[in-house]
Amino acid sequence: MRSPRLVSRTAERARLHTALDGLRAGHGGLWVLRGDPGVGKSRLAGALAAEAADAGLEVLSGRAVPSGTPTPLRPLGEALLAWLRTHEVPDDRLLAPYLPTLARLAPQLGAVAPDGASSVMLLGEGLLRLARAVEAPGMLLVIEDLHWADPETLALVEYLGDNAREVPLAVVTTCRLHESPAANELVTALEWRRSAELVEIAPLADEDVAAVATACLGSAPPAEVVAWLQRYSAGYPLLVEEMLADLHDAGVLAQAPGEGAWTLAGPLPVLVPRPFVRSVEGRLAEVGEHARQVATAAAMLGPELDWRLLAAALDLSGTEVAAALHELRGQRLVVPVTAERFAFRHALTREAVLTGLLAPERARLAGLLAAALAEGAEGAEDHLRLAELYEAAGDDERAVALWLATARDAIGRGALVSAGEALGRALARCEPGSPLETEVREAEVEVHALAGDVPQALAAGEVLTAELAGAPGRLAAVRLRLARALLAGGRWDEAEAMLAAAAGHDPAAEEVLAARLALGREDDVAAAERASAALAAVGEDRPEIACEAWEVLGRAARACDYVAAEDAFEAGFRLADAHDLALWRCRLLAALGSLDLAARRPVEDRLVAARRAALDAGAIATAARIEIELNLVRIRYLDLDEAMAAVDNAITMMTRLRLPDLATAYLLRAATHGLAARTDAMEADVAVALGLPMDEGVRAVGVPGHIRSFVALAHARYDEARAQLGLAMTHHRRSPSMPFSLRGFWALLETALTGDGAAAREEVRTGPQANSPHNWFALRYADAIALGRSGDAAEAERVFADAEWGLPGREPWPELHARFLVAVAAARDGWGTPEAWFRHVLDGLVGYGLTEAASACRVAMREAGFAVPRKSAGAERLPPHLQRLGVTARERDVLVLVAEGLQNKQIADRLYLSVRTVETHVARLLQRTGAAERGELAAHLVPPTA
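1. Regarding the overall build of the chain
Then, number 1: In terms of regular secondary structure, the chain is built from 46 helices and 10 strands.
Then, number 2: In terms of principal-axis extent, the alpha carbons of the chain reach across some 120 × 85 × 45 Å.
Then, number 3: Of all 946 residues assigned to the chain, the portion counted as buried reaches 53%.
Then, number 4: By sequence separation, contacts in the chain at least 24 residues apart represent 66% of the contacts at least 6 residues apart.
Then, number 5: In the form shown here, the chain has an accessible surface area of approximately 39,900 Å², with 53% of it arising from carbon and sulfur atoms.
Then, number 6: Separation of charge centres in the chain, based on 96 positive and 129 negative side chains, amounts to 5 Å.

Written out as structure tokens, the structure is:
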């Protein structure tokens, strides 16, 4: 009897071919094949997978298996592991951050990500990135038997359905209609919001039943057989196959020698053919007692047969089990999976065996299997199987203990939904008021707290309050977990009350949480005091608490003392590094990198290192926040194309993964649009950001102070910048802990534009963040202007020179505007060398492409009586091929001299530019042309041939 290929299903196949066609065009989606058992879902999915493989697409395939509490993400693990046996992971920078998360499914990918709470969405995003990274034009993922899937797999399928449209990943799942309410609710919801295409698989029409029969037999059966199948198979391909096998085994259907015609050797049954269950029962009746025992015990275990476990449970020798498997294989009940593993031929086969077991027999077999499995049990999967077996055996106490172990295993993997379901199974069988029930409820509180479900955590914790009255230590541990959840939710008063109720049992943990509470309430002094107390309590004995305390100390100090904040973050980082605390290491390194944003010449070295550490640890949320801070560096140097691409990617990732700081990402994109003079796009992103959850300090200080003023400053709208900074300062006085690196620029603008500014300078000098480098240099510029205005030219020049001490690295554009304001004042008040300063500023503004600001600088030079350098002829003298690359007229001047072989110093002297500005132009030319080195630039002076 042959395994039939797919026949007919023309309409269904046509709909599924759109999935393959879409992959070739770079589009994916989710298709759900739904129907009754045996109707042909798997056959259709398998045919599609074969076609995809023949078309050069990557194909991954896995299936869910029936279990009371299924192993989290088993279908995805099976699919990825099988694919990795014959494939290498692409070396792709967009995929690399997700490999630690995908390592949950395939350990060979490296270290597993520690931040498992959001891992379902991260896994989904990792699969989307994998589909983009493979060399094939697309990827097909087949997930069979979705009705048996665990909650994490269902959540992952939902994520892929919602997000695969613009990615070359087609997901095809099979699902039974009435098997799982959860799966069917998901399918209905996805179809309703057009995130999935539902393909209902109906029974075969009569002509298709005939085609299946012909495919099974290799040639057409007698007409009587076809009519019999059409009458009794109900159009189910699986029953057609099984019924033909029964006829053949009974000798009723025979084939002439040499694969000749099929003939009837006897009368067809006049009654309805045995349904599938009776067919299985009949085959079991043909085997020996040991084989029947092996089959029934194996059905209790699952779809795959562990022959060693069966031998131990049934007290059979290896030889006896091997003989039993041989008999079962002969009856087409089991098939070999590997040399040592067997599985039931079809999921329905196992179900048919189970239907023949009475309750006492099920309990007896479950007890035997549990006893055998318990001897060598280790790991999450064994805990889950044992829990189910002891539950089936009626041993509630052991079942509860193992459901609790299963839940703890799931918590460790971040599978919080599965952990909750396991705890639910445990609670259903707990003896009320028993110590074991209390342990289960403690774990329940932990799950809700980790999931950030504050109301559920509080409800579960309330139940425990009375029960743990006699165990104050355990009750305090529960309350501390609840306090952390409340702090994460910003519920300060409730967190404070919970901490007070837990007082006295874990002083160090209480102190560090109290420090976080004070930080949340913007009481930096109290935060520092409590964090210091936590450090004094633990030293380095509990490094996680010490790292958290150092982080709080740094955040508390950041508002008033840049240097002290750096010292605290450094201490925490060293401790995390010494104890190999990956997540704390990248968090503290990111905190250090954020301080570099306040530098006069911001650098990204520590932020890049922090991002790498976060990606290595699989901490995607932390990496996303670091990416935002890296973009703050990019916009200080007007690397707007790179900044826009990165922030677009961050917004997409944060939206998909439901990460915090989405409002900040939109504000950053708004600033990027504004710097590029796209005002409408800027205002649209600001509006989106203001409609999202946002810290009030960011709303009141960040929007006017870091977005609107920054954009106005870039385009030389100095009065507008001053007004926006003044608005931000009004709110900042109420929230002094809010980092605000433009306080110095506010004092500079107040001094330069109003003729006074003394109060502003004094407020910045004596206020928070005065020693932040970015605030300090702008404040000193303001001091120089005030001194020059008062007639003290020598002191003005000294103060300005002190603020101008040589700095390495590229000059950010805000420095140019600060120097422009000084040059205007110096020209008016008669001190310093304002003409040279104007020229330097003009070269820099032209190099950055800030045309409005450059025009303002030329006007100011004319008003001061200085000769304005001749404007280059501009774009009209640029060859079209250079215009298409985005090369400016000044960059073309530099390109010509580079082609002549001049070095940067020589070019600077020839064009009256600074060496630093020439370096910037050369770097931009390399970027725009794609040249690998300086020597390749000359070729771009020649227009390409058609």
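Structure shown, so let's carry the discussion forward.
2. Some points on unusual backbone geometry
Then, number 1: A positive phi angle, near 65 degrees, is found at L73, a position not held by glycine.
Then, number 2: Structurally, L73 is set in the loop between β2 (58–63) and α3 (74–84).
Then, number 3: Overall, the relative accessible area of 1% leaves L73 in the buried class.
Then, number 4: Positive phi is not limited to glycine here, since D580 has a value of about 55 degrees.
Then, number 5: Among the secondary structure elements, D580 is positioned in the loop between α27 (562–578) and α28 (582–596).

3. Examining the side chain of T173
Then, number 1: Of note, T173 is situated in strand β4 (residues 169–175).
Then, number 2: Using a relative accessible area of 0% as the deciding quantity, one classes T173 as buried.

4. Concerning the sheet that holds β2
Then, number 1: The 5 strands are arranged β2-β3-β4-β1-β5 in an open sheet whose pairing can be described as parallel. Looking at which strands have only one partner, the edges of the open sheet turn out to be β2 and β5 (197–200). On average, adjacent strands in this sheet sit at an angle of 15 degrees to one another, irrespective of strand direction.
Then, number 2: As judged from the 4 bridges shared by strand β1 (residues 29–34) and β5, these two strands associate in the parallel manner. Bridge pairing links L33 to V199 in β5.
Then, number 3: Together, β1, β3 (139–144), β4 and β5 form the strand contacts of helix α1 (residues 10–24), whose direction differs from that of β5 by roughly 150 degrees.

5. A closer look at the pattern of salt bridges
Then, number 1: Enumeration according to the criterion identifies 52 salt bridges in this entry.
Then, number 2: R587 is the partner of E551 in a salt bridge, and the nearest nitrogen-oxygen pair spans 2.8 Å. Here E551 is found in helix α26 (residues 543–558), whereas its partner R587 is found in helix α28, with 36 residues between them in sequence.
Then, number 3: For D802, the salt bridge goes to R780, with nearest N and O atoms at 3.8 Å. One end of the pair, D802, is in helix α39 (residues 793–803); the other, R780, is in helix α38 (residues 773–789), with 22 residues separating them in the sequence.
Then, number 4: Within the structure, one salt-bridge network assembled from shared partners comprises R761, E762, R765, R780, D783 and D802.

Definitions and cut-offs
Residues numbered from 1 in each chain as written. Predicted model: local features only at pLDDT ≥ 70, side-chain atom pairs only at ≥ 80, totals over all residues. Heavy atoms only, no water. Helix = DSSP H or I, 4+ residues; strand = E, 2+ residues; numbered from the N terminus. Buried < 20%, exposed > 50% of the residue type's maximum accessible area, 1.4 Å probe, protein only. Contact = heavy atoms within 4.5 Å. Areas by Shrake-Rupley, 256 points an atom, 1.4 Å probe, with all protein chains shown as cover. Lys, Arg positive; Asp, Glu negative; His and termini not counted. Charge placed at Lys NZ, Arg CZ, Asp CG, Glu CD. Pairing = 2+ DSSP bridges. Axes fitted to C-alpha atoms, helices over the stretch in contact; angles between N-to-C directions. Salt bridge = Lys/Arg side-chain N within 4 Å of Asp/Glu carboxyl O.

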